[in-house]
Amino acid sequence: MPVVHVDKEELYKALGKEYSTEDFSELCFNFGLELEEDTSEKELAIREVGTIKAEGLSEKPLLKIEIPANRYDLLCHEGISRAFLIFQGKAKLPTYKVVDPKDEQIQITIKSETAQIRPHVVSAILRNISFTEKNYGNFIELQEKLHINLCRKRTLVAIGTHDLDTLKSPFTYEALPPKSIKFAPLNQPKEYDGEELMKFYETDKHIGKFLHIIRDSPVYPVIYDANRVVCSLPPIINGDHSKITLNTKNVFIECTATDLTKAKIVLNTIVTMFSEYCMEPFTIEPVEVIYPDGKICVKLNTSEIITYLNRMALTAKLVDENIAELSVEIPPTRADILHACDVMEDVAIAYGFNNIPKKTLKIINSTGKALPINKLSDLVRKEIALSGWSEVLPLILCSHDENFAYLNKKDDNSTAVKLENPKTLEYQVVRSSLLPGILKTVRENKKHALPIKVFEVSDVVLKDDSLERKAKNERHVCAIYCAKSSGFEFIHGLVNRLMDMLDVKLVSVSGDDVGYYIKESEDPTYFPNRCADIFLRRSSKSSSVITSKIGNFGILHPNVLEKFEIIYPCSVVEFNLEEFIQ
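With an unreviewed UniProt entry as reference, the protein is termed phenylalanine--tRNA ligase, source organism Rhizophagus clarus. The record in UniProt for the protein states the following under Catalytic activity (unreviewed entry): "tRNA(Phe) + L-phenylalanine + ATP = L-phenylalanyl-tRNA(Phe) + AMP + diphosphate + H(+)". Recorded in UniProt under Sequence similarities (unreviewed entry), the annotation for the protein is "Belongs to the phenylalanyl-tRNA synthetase beta subunit family. Type 2 subfamily."

J.: What's the story with the packing of aromatic side chains in this structure? I'm lost.
T.: Centre-to-centre distance and the angle between the planes together describe a pair of aromatic rings. For the structure shown, the criterion picks out 21 aromatic pairs. An angle of 90° between the planes, with centres 5.7 Å apart, marks the rings of Phe24 and Phe84 as edge-to-face. Separated by 60 residues along the polypeptide, Phe24 in helix 2 (residues 21-31) and Phe84 in helix 4 (residues 77-87) bring together distant segments of the chain. Note on accessibility: Phe24 and Phe84 belong to one class, buried. Ring centres of Tyr406 and Phe564 lie 5.4 Å apart, and the angle between their planes is 90°; on these two criteria the pair is classed as edge-to-face. Here Phe564 lies in the loop between helix 14 (558-563) and strand 28 (570-576) and Tyr406 lies in the loop between helix 11 (400-403) and strand 21 (417-418), a separation of 158 residues in the sequence. A relative accessible area of 25% means that Tyr406 is categorised as partly exposed. On the accessibility criterion, Phe564 (0% relative accessible area) is buried.

J.: What is the right way to look at the packing of helix 4 against helix 7 (residues 260-274) in this model?
T.: The N-to-C vectors of helix 4 and helix 7 enclose an angle of 70°; their axes lie 9 Å apart at closest approach. Taken together, the axes of helix 4 and helix 7 are roughly perpendicular relative to one another. Between helix 4 and helix 7 lies a crossing whose hand is left-handed. Contact residues: helix 4 offers Glu78, Gly79 and Arg82, while helix 7 offers Thr272, Met273 and Phe274.

J.: Any chance you could explain the side chain of Thr39 here in plain terms?
T.: Relative to the elements of secondary structure, Thr39 occurs in strand 2 (residues 34-40). Once you skip the residues sitting within four places of it in the chain, Thr39 turns out to touch Leu44, Arg47, Lys60, Pro61, Leu62 and Lys64.

J.: So what exactly am I meant to see when it comes to the pairing of strand 6 (residues 120-126) here?
T.: Put simply, side chains in a regular strand alternate between the two faces of the sheet. Counting buried residues along strand 6, 7 of its 7 residues qualify, which places the element largely inside the surrounding structure. Pairing of strand 6 with strand 15 (residues 283-286) involves 2 bridges; the strand directions are antiparallel. Considered in strand 15, the bridge of Ala124 is made with Pro286.

J.: How should I be thinking about the pattern of salt bridges in this particular structure?
T.: Opposite charge on two side chains makes pairing possible when the charged atoms of those side chains draw close. Under the definition given, this model contains 27 salt bridges. For Lys262, the salt bridge is made with Asp259, and the minimal N-O distance between the two is 3.7 Å. With relative accessibility at 24%, the residue Lys262 sits in the partly exposed group. Two residues, Asp533 and Lys549, come together in a salt bridge whose shortest N-O distance is 3.5 Å. With Asp533 in strand 26 (residues 526-539) and Lys549 in strand 27 (residues 545-556), the pair connects residues that are 16 residues apart, well separated along the chain. On the basis of relative accessibility, which here comes to 47%, the residue Lys549 falls in the partly exposed class. If you follow the salt bridges from partner to partner, you end up with Asp7, Lys60 and Lys134 in one network.

J.: Could you clarify how one ought to interpret the nonpolar core in this entry?
T.: When a protein is soluble and globular, its nonpolar side chains tend to lie buried together. One finds Phe24, Ile65, Ile80, Leu126, Ile253 and Val266 to be the most contacted residues of the largest nonpolar core, which totals 48 residues. When residues of this core are assigned to domains, at least three fall in each of domain 1 (3-88) and domain 2 (97-290). The contact partners of Ile253, leaving out residues within four places of it in the chain, are Val122, Ser123, Ala124, Leu126, Ile159, Gly160, Thr161, Leu267, Ile270 and Val271. Core analysis: the second largest hydrophobic core is formed by 28 residues, Trp389, Val477, Ala483 and Phe580 among them.

Calculation rules
Residues numbered from 1 in each chain as written. Predicted model: local features only at pLDDT ≥ 70, side-chain atom pairs only at ≥ 80, totals over all residues. Heavy atoms only, no water. UniProt positions renumbered as here; feature names shortened; annotations may be inferred. Phe/Tyr/Trp six-rings, centres within 6.5 Å; stacked < 30°, edge-to-face > 60°. Helix = DSSP H or I, 4+ residues; strand = E, 2+ residues; numbered from the N terminus. Buried < 20%, exposed > 50% of the residue type's maximum accessible area, 1.4 Å probe, protein only. Axes fitted to C-alpha atoms, helices over the stretch in contact; angles between N-to-C directions. Parallel < 35°, antiparallel > 145°, perpendicular 65-115°, else oblique. Left-handed = near helix turned anticlockwise from the far one by under 90°. Contact = heavy atoms within 4.5 Å. Pairing = 2+ DSSP bridges. Salt bridge = Lys/Arg side-chain N within 4 Å of Asp/Glu carboxyl O. Core = buried A, V, L, I, M, F, W, Y, C linked by side-chain atoms within 4.5 Å. Domains from an automatic or database assignment.

Structure below.
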């Protein structure tokens, strides 16, 4: 749950009353909040970094208030004070107004290229706003709080705020190669292109943690004004040219996003919180967002489009003949229409999908069917279940030790995909074997009646530098037999049964016949001299014979069982199922 630090003196002044800590804590509790602490900036710093580093910090009282995760309107002083005043009946709910601009409405046009990286933008303007040091600080802090919480560290939404008087409308939202974007970032005197900017900020503690969002993309999102001045490079940083100050009077706010709904929530939160400082309180000026044209490969004139829209119960009229601009009135019954592409869909419906030339539809003609590996997996699952084994579905993430050390294996750094910032020790790597999950399942169910016979048919993830994403999924089969005796013969029998079901016959090790064979091997995961590798010999497209190791089976080593806290001997088989559909 987010925690907000509020200036105690300013909050009590806004509430029109001085509270004791107990009384204010009770007010918070009644409203559904929690007063975490009555403290100060210096006191907080002393606990975090020590007395020496905290010297010189303010001793002004602060209130640490814990906010529900879904109350984004309470992430700043303005929201909390307004909510408490309304809750206590000391103020009325403000009426927020969308006002028409005095001059021409400001527009921001989205270019189609942005669909590759960050397709949405929403925007608004706060006119004639009055900033003080206090509310300016609150304005910046609210953006940071939203970035951390709702915006998911800028991955879903990034906020940009600008001094509108330093820019010229209309604006464009584009996606361009990094080298072609050049501007001076916030509080920097020098200009950098996109690639140079990434290198410049990679050691920055604040900005550096956001670079990964767009760094590997062939294009970067960027917002330009009419003079091709860069407003921002979302979600990294704003341009220095349009930075807001205490003297800013007109604030241009833009939110670029991968999630349009969250972008609207973020924009609404900012403008409703700080529109109270406008000359005309609680007024917001909208910005028109122009989306890329929706095309259905049919040429229609404006009168025809109006006719088709009327057929779909939408009222439309021509606004500007020069640019063929239409104004469409959406009735309250059509909640499904959210933006321009929905209007174009209605035009296509009224025109008739069957009347659109068939050549435009050829690229999307397809027949849906299950992937061969999924069909084969279902057949294998059914066969093992009919043999008396129970299917389990462990988590795909596990600890590093479970994937390697617990199995008596060493990490060669070329097998498993590791999480960069794991939240817990339990989830450090993506499993490269099904065995850890199977063994943890046995460990948690060891009080059940013996024998324990469970299996899993699922994916593991392996590193593969030959692929663009540097990793691949591989479908494996794993089964375990746990009892007072090892049950090696049961696992061996299951292997034979599955191979019979897959129509793969047992062949000699030394021959060239197509089929499978087993060969004694040594593997640290298994008991010495109680392990065998499974080899598959098959014909290739060039008629040559290919032999590949697909898995192994055997009795688990006592050290492995001890690490997973299993007191009974176990036999296991694991093999790669994908080799059977090559």
